[in-house]
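Here is what each chain is made of, one letter per residue.
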Amino acid sequence: MKSLKFILPLVFSGLAASAQTTVRQDPTIEQMVKEVSVKNVEATIRKLVTFKTRHTLSDTTSATEGSGAARNWIKSQYELYAKESGGRMTVAFDTFTQPKANRIPNPVFLKNVLCTLKGTDPTDTRVYIVSGHFDSIVGDVLDAKADAPGANDDASGTAVSMEVARVMAKHSFPATIIFMAVVGEEQGLDGSAHVAKRAKAEKWNVDAMLNNDIVGNTHGLDNDIKDNLHVRVFSEGVPTGTTQQQLTRLINNGGEDDSPSRELARYIKETAERYVDNLDVKMIYRRDRYNRGGDHTSFLTQGFTAVRFTEMNENFTRQHQYVRRENGIGYGDVPDSVDFSYVQKVARMNLSVLANLASAPAMPTAVAMVTRGLTNMTEINWQDPKEGKKPAGYYILMRETTSPVWEKKFYVTGNTVKLNYSKDNFFFAIQSVDAEGHESLPVFCR
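This one's a predicted model, so the numbers in the text were calculated from it and none came from an experiment.

Parameters and conventions
- Residues numbered from 1 in each chain as written.
- Predicted model: local features only at pLDDT ≥ 70, side-chain atom pairs only at ≥ 80, totals over all residues.
- Heavy atoms only, no water.
- Helix = DSSP H or I, 4+ residues; strand = E, 2+ residues; numbered from the N terminus.
- Rg over C-alpha atoms; globule rule 2.2 N^0.38 Å.
- Buried < 20%, exposed > 50% of the residue type's maximum accessible area, 1.4 Å probe, protein only.
- Contact = heavy atoms within 4.5 Å.
- Areas by Shrake-Rupley, 256 points an atom, 1.4 Å probe, with all protein chains shown as cover.
- Core = buried A, V, L, I, M, F, W, Y, C linked by side-chain atoms within 4.5 Å.
- Phe/Tyr/Trp six-rings, centres within 6.5 Å; stacked < 30°, edge-to-face > 60°.
- Lys NZ or Arg CZ within 6 Å of the ring centre and 35° of its normal.
- pLDDT = per-residue confidence, 0-100.
- Pairing = 2+ DSSP bridges.
- Axes fitted to C-alpha atoms, helices over the stretch in contact; angles between N-to-C directions.
- Parallel < 35°, antiparallel > 145°, perpendicular 65-115°, else oblique.
- Nonpolar A, V, L, I, M, F, W, Y, C, P; charged D, E, K, R; others polar.
- Expected span 1.5 Å × (residues − 1).
- Polar contact = N/O pair within 3.5 Å; in protein donor to acceptor, adjacent residues only side chain to side chain.

Another aspect to go through is the overall build of the protein chain. Within the protein chain, the regular secondary structure consists of nine helices and 20 strands. For a compact globule of 446 residues, the expected C-alpha radius of gyration is about 22 Å, and the protein chain comes in at 22 Å, within 12% of that figure. The dimensions of the protein chain, computed from C-alpha atoms along their principal axes, are 70 × 45 × 40 Å. Burial analysis of the protein chain (446 residues in total) assigns 58% to the buried set. The contacts in the protein chain between residues at least 6 apart in sequence include a share of 75% that link residues at least 24 apart. When the accessible surface of the protein chain is totalled, it reaches about 18,100 Å², and 50% of it is carbon and sulfur.

By size, the foremost hydrophobic cluster in this structure holds 76 residues, and its most contacted members are Y78, M168, F179 and I268. For this core, the element with the highest residue contribution is helix α9 (residues 340-359), accounting for twelve residues. Excluding residues that lie within four positions of it along the chain, F179 makes contacts with Y78, M89, V113, L114, C115, L117, V130, S161, V164, A165 and M168.

Quick look at the packing of aromatic side chains now. In total, this model carries nine aromatic pairs according to the counting rule given. A connected cluster of aromatic rings, assembled from ring pairs, spans F410, Y421, F426 and F428. In this structure, R324 packs its charged tip against the face of Y331, placed 4.2 Å from the ring centre. Across from the ring centre of W406, 4.5 Å away, lies the NZ or CZ of R399, which sits over that ring.

Attention shifts here to the confidence of the model for the protein chain. This prediction gives the protein chain a mean pLDDT of 93; 95% of its residues lie at or above 70. Scored below 50 in pLDDT, residues 5-21 shows 38 contacts in the model against residues more than four places distant or in partner chains.

A few words now on the sheet that holds strand β14 (residues 365-369). With antiparallel pairing, the three strands of this open sheet are ordered in space as β14-β15-β18. Taken across any chain shown, the strands that pair with only one partner, and hence form the sheet edges, are β14 and β18 (416-419). Neighbour to neighbour, the strand axes of the sheet diverge by 10° on average, direction disregarded. As judged from the four bridges shared by strand β15 (residues 378-383) and β18, these two strands associate in the antiparallel manner. In the sheet register, E379 faces β18, and the bridge partner there is K418.

Let us now look at the sheet that holds strand β6 (residues 205-212). Taken in spatial order, the eight strands line up as β2-β3-β5-β4-β6-β11-β9-β10 in an open sheet, and their pairing is mixed. Of all strands in the sheet, those with a lone pairing partner are β2 (89-98) and β10 (280-284), marking the two edges. Neighbour-to-neighbour, the strand axes of this sheet turn through a mean angle of 25°, independent of strand direction. In this sheet, strand β3 (residues 108-117) lies alongside β2 in antiparallel orientation, the contact comprising ten bridges. Its bridge partner being in β3, T90 is matched across the sheet by T116. Helix α5 (residues 190-201) rests against β2, β3, β5 (176-182) and β6 of the sheet, and its axis sits at about 110° to β2.

Look at helix α7 (residues 260-275) against α9: their axes get within 9 Å of each other, and the N-to-C directions meet at 110°. Regarding the angle of α7 to α9, the classification is roughly perpendicular. Where α7 approaches α9, its residues L264, Y267, I268, T271, A272, R274 and Y275 are matched on the opposing element by M349, S352, V353, N356 and L357. Taken together, the residues that form the contact of α7 with α9 break down as eight nonpolar, three polar and one charged.

Taking 1.5 Å per residue, twelve residues should reach 16 Å; α5 reaches 16 Å between its end C-alpha atoms and fits that length. Where α5 is concerned, the buried positions are D190, G191, S192, V195, A196 and A199. Next to the buried residues of α5 lie β2, β3, β5, β6 and α8 (296-301). Just beyond α5, the residue with positive phi is K203, at close to 60°.

Moving on to the pairing of β15. Residues T378, I380 and W382 point to one face of β15 and are all buried, whereas E379, N381 and Q383, pointing to the other face, are not buried. Where β14 and β15 come together, three bridges link them in antiparallel fashion. Each residue of the ladder has a partner; that of M369, found in β15, is I380.

This paragraph deals with the environment of A101. Here A101 shows up in the loop between β2 and β3. Once the C-alpha coordinates of A101 and D424 are considered, the two residues, 323 residues apart in sequence, prove to be 50 Å apart.

Attention now goes to unusual backbone geometry. Here the amide bond leading from D153 into D154 is cis, since omega sits at 5°, within 30 degrees of zero. Mapping D154 onto the fold places it in helix α4 (residues 151-168). A positive phi angle, close to 60°, is found at K203, a residue other than glycine. Mapped onto the fold, K203 is located in the loop between α5 and β6. Under the relative-accessibility criterion, K203 is labelled exposed at 71%. With a phi close to 50°, A366 is a non-glycine residue in the positive phi region. Turning to its location among the elements, A366 is positioned in strand β14.

What follows covers the side chain of Q319. Within the secondary structure, Q319 is located in the loop between β11 (306-311) and β12 (324-326). Residue classification places Q319 among the buried residues on the basis of a relative accessible area of 6%. Of the polar contacts made by the side chain of Q319, one reaches the side chain of E314; its length is 2.9 Å. The contact partners of Q319, leaving out residues within four places of it in the chain, are I214, R292, E311 and E314.

In structure tokens, the structure reads:
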């Protein structure tokens, strides 16, 4: 985060404070980022296009065409990556029957592909999920036979999940990472909804879900803007399922822009810009684009923290279109309209965030700001994480109430801090940090 400052705070209560003035980049994460291959990204997208259509209702018996052939190939690739993991990575179909619905004429048996890199710390139950959807459509959402290449929507997101899995398979992390390729997104978020409901029912400790959907185009045709330097991260403000009591607290005390998903978006911006060259992450303060939706919504609905990545300017002649040419304009989601180097950059962003989170301690708990009495100071108390390794210390994050990003960062040890800044004038958050500098997600002080 280019605006972030690291300063020595005014700390009382006998706490130790460190004059750490720079964020240390992890050389292992730097190397992993470099290993993300544009050649592999392109090969994956072009291979997915060869299945002619990956429509959710398309053929599942052919070895070369349709949804069944595509999911089998994706699974085989994940299994290939798993051979480098020393047994830590496993691959399986997540199967379910989708009932009849608006875009599902009859019940259909579907399969997601889940590739799990098991965490090495048995006391750490955290799970991080990165996803793309492998199904595709044309102009008619029920046309399961037409050529639907889906190169950008969403072979690009599937390629991100697969390439990140390939690189990370050779490494180990305290927390668990799941790399997903889901079906049924275009028919109503069916695949992701099944995984999210399963995660809720089985009590997965999902710390964050990263959804990659339409992340391969760098040219907005109608506005003629060409941009390979920016990527959007969409995050909801008031969390889905907020109670009236929680809403009243927001109205009284602020924090409308500090939902867990907003904190994840800020974390992504800071971490990705730390590790990925020529990338500016644009935080968009809404759940998704107008009249559109994505698989992160399935996880938000179940109460998990989730965001969506999407290119900065979309080319709508290439989305949900029959492949054709009219008046000199090409229609259809073909691979030659994809900027593979841009997809590589998005994959590097995902990898840096996942690796930093899965390496970090869990979030602090019981974070509370002391508000009794009138004072121009700020006192914050918190407790250590309830699982995993003990943090080496904590970062106190601070920003102006009108700032979209955290502006100052204080390093402390202990579980309480008193700062010479007014709680009425700033927002604060706490994040755990280990000895190597890996930070947890921030917990907003309420």
